[in-house]
Amino acid sequence: MEEVMSNHKSIIIELNKEEYAIPVEVVGAIERMQHITRVPQTASFVNGGVLNLRGVITPIIDLRSRFNMPRIDPTDSTRIIIINLEKYDVGFIVDAAYDVLDIPEESIEPAPEVIGTVDVDYIAGVAKVGKRLIMLLQLDRVLSQESITAKGIEG
Amino acid sequence: MENSEYLEMFIEESKEHIQSLNNQILVLENEPENMATIGGEIFRSAHTLKGMSATMGFKDLANLTHKMENVLDAVRNDQLKINSDIIDVIFQAVDQLEGMVLDIADGGNGFSDVGDLVKALQAIEDKEEPIKSNKQSATATSQNLNSTNSNAIHFGQLDQFELAVLDQSDENGFNNLEVKVKLNQNCLLKAARVYMVFEVLEQIGEVIKADPSVQELEEENFELEFHVLLVTKDTPEEVKQKILKVSEIEEVTASVFEQKIEQKDLDSQAENNNEQADNNQQTKQGENKSKTTKAVGGKTIRVNIDRLDGLMNLFEELVIDRGRLEQISGNLKNAELQETVERMSRISGGDLQNIILNMRMVPVEQVFNRFPRMVRQLSKDLNKKINLEIVGAETELDRTVIDEIGDPLVHLIRNALDHGVETPEIRKTNGKDEVGRLLLKAYHSGNHVFIEISDDGAGINREKVISKAISNRVISEEEATQLTDKKVNQLIMSSGFSTADKISDISGRGVGLDVVKNTIESLGGTITIESKEGKGSLFSIQLPLTLSIISVLLVEVEKEKYAVPLSSIIETAIINKSEILNAHNKKVIDFRGKVVPLIDLKQVFEVPSDQQNDEFYSIVIIRKGDKMAGLVVDSFIGQQEIVLKSLGDYLGNVFAISGATILGDGQVALIVDTNTLIN
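Note that this is a predicted model, so its numbers are computed, not measured. (Residues numbered from 1 in each chain as written. Chains lettered and ligands numbered in written order. Predicted model: local features only at pLDDT ≥ 70, side-chain atom pairs only at ≥ 80, totals over all residues. Heavy atoms only, no water.)

> Before we go on, may I ask you to explain helix α14 (residues 335–359) of chain B in this structure?
In an α-helix, one full turn covers 3.6 residues, which means residues spaced three or four apart are oriented alike. Residue and element names in this part refer to chain B. Taking 1.5 Å of rise per residue, 25 residues should cover 36 Å, and α14 covers 35 Å from first to last C-alpha, within 8% of that figure. Residue L352 marks the point of greatest curvature in α14, where the axis turns by about 35 degrees. What α14 keeps buried is the set V341, S345, S348, Q353, I356 and L357. Where α14 is buried, its residues meet α13 (305–332), β5 (361–363), β12 (549–557) and β20 (635–643). Measuring from the side-chain oxygen of the N-cap residue of α14 to the backbone nitrogen of E336 gives 2.9 Å; that N-cap residue is N334. (Helix = DSSP H or I, 4+ residues; strand = E, 2+ residues; numbered from the N terminus. Expected span 1.5 Å × (residues − 1). Bend = angle between axes of the 7 residues up to and from the residue. Buried < 20%, exposed > 50% of the residue type's maximum accessible area, 1.4 Å probe, protein only. Contact = heavy atoms within 4.5 Å. Polar contact = N/O pair within 3.5 Å; in protein donor to acceptor, adjacent residues only side chain to side chain.)

> What's the story with the packing of helix α3 (residues 59–76) of chain B against helix α5 (residues 115–126) of chain B in this structure? I'm lost.
The description of two helices packed together rests on the angle between their axes and the distance between the axes. Residues and elements named next belong to chain B. One way to put it is that α3 packs onto α5 with a least axis distance of 9 Å and a crossing angle of 20 degrees. Here α5 runs roughly parallel to α3, going by the angle between their axes. Relative to α5, α3 is oriented so that their crossing is left-handed. Taken together, the residues of α5 that come into contact with α3 (itself represented by L64, K67, M68, N70 and V71) are L117, V118, L121, Q122, I124 and E125. Looking at the contact of α3 with α5, its residues break down into 7 nonpolar, 2 polar and 2 charged. (Axes fitted to C-alpha atoms, helices over the stretch in contact; angles between N-to-C directions. Parallel < 35°, antiparallel > 145°, perpendicular 65-115°, else oblique. Left-handed = near helix turned anticlockwise from the far one by under 90°. Nonpolar A, V, L, I, M, F, W, Y, C, P; charged D, E, K, R; others polar.)

> When you look at the sheet that holds strand β11 (residues 536–544) of chain B in this model, what are you seeing that I'm missing?
Two strands in a sheet stick together by hydrogen bonds in their backbones, pointing the same way (parallel) or opposite ways (antiparallel). All names here are of chain B. With mixed pairing, the 5 strands of this open sheet are ordered in space as β6-β8-β9-β11-β10. A strand with exactly one partner marks an edge of an open sheet, and here the two such strands are β6 (386–391) and β10 (526–532). Neighbour to neighbour, the strand axes of the sheet diverge by 15 degrees on average, direction disregarded. One ladder, built from 7 bridges, connects β10 with β11; its direction is antiparallel. (Pairing = 2+ DSSP bridges.)

> In this structure, what is going on with the pairing of strand β18 (residues 616–624) of chain B? I would like to understand it.
Every other side chain in a regular strand lies on the same face of the sheet, so the side chains alternate between the two faces. Residue and element names in this part refer to chain B. Counting buried residues in β18 gives 7 out of 9 residues, a clear majority hidden from the surface. Here strand β14 (residues 569–576) runs beside β18; their pairing, made up of 7 bridges, is antiparallel. By the bridge assignment for β18, E571 is matched with I621. Pairing between β18 and strand β19 (residues 627–633): 7 bridges, direction antiparallel. Bridged to I619 within β19 is V632.

> Hey, could you run me through the nonpolar core in this one?
When a protein is soluble and globular, its nonpolar side chains tend to lie buried together. Among the nonpolar cores identified, the biggest contains 69 residues, and M68(B) and F198(B) are the most heavily contacted of them. When residues in this core are grouped by element, the largest group, 11 residues, is from helix α4 (residues 84–105) of chain B. Mapped onto the domain boundaries, this core takes at least three residues apiece from domain 1 (1–133) and domain 2 (136–302) of chain B. Leaving out residues up to four positions away in the same chain, M68(B) has contacts with L21(B), A46(B), I90(B), A93(B), V94(B), L97(B) and L121(B). By size, the runner-up hydrophobic cluster in this structure holds 57 residues, among which are I57(A), V94(A), I622(B) and L677(B). (Core = buried A, V, L, I, M, F, W, Y, C linked by side-chain atoms within 4.5 Å. Domains from an automatic or database assignment.)

> I'm lost on the sheet that holds strand β15 (residues 581–583) of chain B in this one. Help?
Residues and elements named next belong to chain B. Taken in spatial order, the 6 strands line up as β14-β18-β19-β17-β16-β15 in an open sheet, and their pairing is mixed. Of all strands in the sheet, those with a lone pairing partner are β14 and β15, marking the two edges. Adjacent strand axes in the sheet meet at a mean angle of 40 degrees, parallel and antiparallel pairs treated alike.

> Explain the pattern of salt bridges here, please?
All names here are of chain B. One pass over the structure, following the stated rule, counts 17 salt bridges over all chains. Among the ionic pairs, K380 bridges to D88, the shortest N-O distance being 3.1 Å. Here K380, found in helix α16 (residues 371–382), pairs with D88, found in helix α4; they are 292 residues apart in sequence, far enough to count as distant. In this structure K380 comes out as partly exposed when scored by relative accessible area, which is 33%. (Salt bridge = Lys/Arg side-chain N within 4 Å of Asp/Glu carboxyl O.)

> What is the right way to look at the pairing of strand β2 (residues 18–23) of chain A in this model?
Residue and element names in this part refer to chain A. Most of β2 is tucked away: 5 of the 6 residues are buried. Examined bridge by bridge, strand β1 (residues 9–15) and β2 share 6 bridges and lie antiparallel to one another. Considered in β2, the bridge of E14 is made with E19. Hairpin connection of β1 to β2: 2 residues between the antiparallel strands, including N16 at a positive phi of 50 degrees. Note: β2 against strand β12 (residues 132–137), 3 bridges, orientation parallel. By the bridge assignment, A21 is partnered in β12 with L136.

So, in structure tokens, the structure goes:
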């Protein structure tokens, strides 16, 4: 994880009025909200589906559902962030996507354990940039099927 | 290395030669009297293989082939009587060769311990009449005779077979040339130039050896110069001129190569030279013949499968866009546009699609041709006599299906041999021919290909199957009494089942047949069994011609669209609510005199919905084997050709969904897996 953290360029996204950072090199594209085909049985925990992204069927995860945040209807600012992973691409639905930001390494602190009652293994760290508090996402944990399934059963 | 054009060609051709070795040796075993013709074929394959592997620098491969070739040569020239033991050893050798080639194909270096087999082959060879055992030394001798002790600096020690080739060519009026090629200093792509030079060389003759080795040359592991040992009919000057046509070549020298080897035992063998020359003569004739045959068969090209897959992908995109265009033109209702779009649909939907799909078709022969060997080996292991007949090996199937169908077929054949065909003694007492018959048959019918495996063995013993099934708790005793013969036959494909009293390592513990069934069903096919006790069994596999483009019925459930493969649909119906009956808490309908259970897609796919009280139900009747079910949907949209796409690794397997497709409007529709719904 060190390597990812030492790379400071990140895309800043908004979820439930909070800001999160995704390393810019894994982001393949940022798309406007479009029709998503619901896939049965995956829906309950990620509100997921698939999308036709230029001829490739791409799985989509609603990050709000993933992080157990209240669901909202898509707005004009809703975006789909396409993440390129080694084996496949996957898209995240987020409330909004902003700028690319340089996050200085010294501003990054480990994830505070007090953040809530939920286990937040998908947060790699927290950075304070000016007055903004930005949470760095640990993508492999966000996508990990086990932790999603576990959550799904809990909820 | 893996990307090297040579290597790919080498691997492909080696595979072909190995296959042809397999086939011909089998024929040879059955008709030893035709040694003259068949032996020639075998010998040529072995010989070519040897030459190729030596050129590519695969020493072990070349070494083994060389020994094999010696034995074959002796057989061919009637110095050795062919028998089953020799054939066994040769087969082992061929197997090892295949293993090595596969290793090379996987990026390995083809190293393998060939010592034992080489010894075994040598032993066979040594059994020849005394005069023959000198043959090899004769080869060495003749080389030694003209050795002048100076120049082989560039080629190090030549192998025995390399020397043999040189020797042969010498005596047949070919020139052995040592070619030195120096590249221009500014040459950027040295490997490319080397490749071009080799291409020129291969047109005019045969490259015996290169220094640095071909491998090193390809890796650009050399300065500017390299040396090649070439066997050709051209004169040194001609060769030189031809190579100079390749650009960025600074200098070429070609001179007659003279072998120089430490003089070893010079004595005694000269007398054999005559005989050696005779052999050479025959070899050469053989080679010439094979060259003529090659020239005649040559109206095909070899295309990398990746390119075909690429073409297929692009075509799939086109099909999607075509769907979209059709939709748009339908909405716009512009006569000219509609006409054009219709025309385009006809071309891309009919001719183009056929051509592209046909390009991916491969004869089942590719799978079938390994079975004769396998059956031979198995019948030996099992002490049974079996005559394998193959019909329709030219039947074509999509490559993706071909790749998958091999293992299930192997399993079924093993099963037929192990459990089906009886031992010769039993067959005799039962008044059958001692030799069991196994028929492998492939044919087209409609949009499907059928592959049948039938034997005239013991067939399926109903009582045995039922008692086994009960003891293995596959069925209960009450169920057993009501089973039809067909059901009983299907039982042997349920998991945890084995009818052989003794578990053998041939067809295993009975975990296999259900795997066979699953594989075939995952390919969109079906398997049925017919059997008459004492008369034999027939396993019939039905497979779709292609997997990637299928016809579906699009249906709507609330706001969601789903695609149901047309191949599994019997018909569609709209029924009144009052026709739905309840049986054991399950909704069923009476469909043409049959009770058919209803499956509500809304429930299966957890479609969010508010009201559910329609007066009429739209129903798609689907089938799997002889089972039927009715899918309840909201409405039918229509029939369409779609491109099957996978849901991807992340979502993995979703229950009752076999994949997805992109519709004309760019949206994704999920494809219903009807096979899992009926169970």
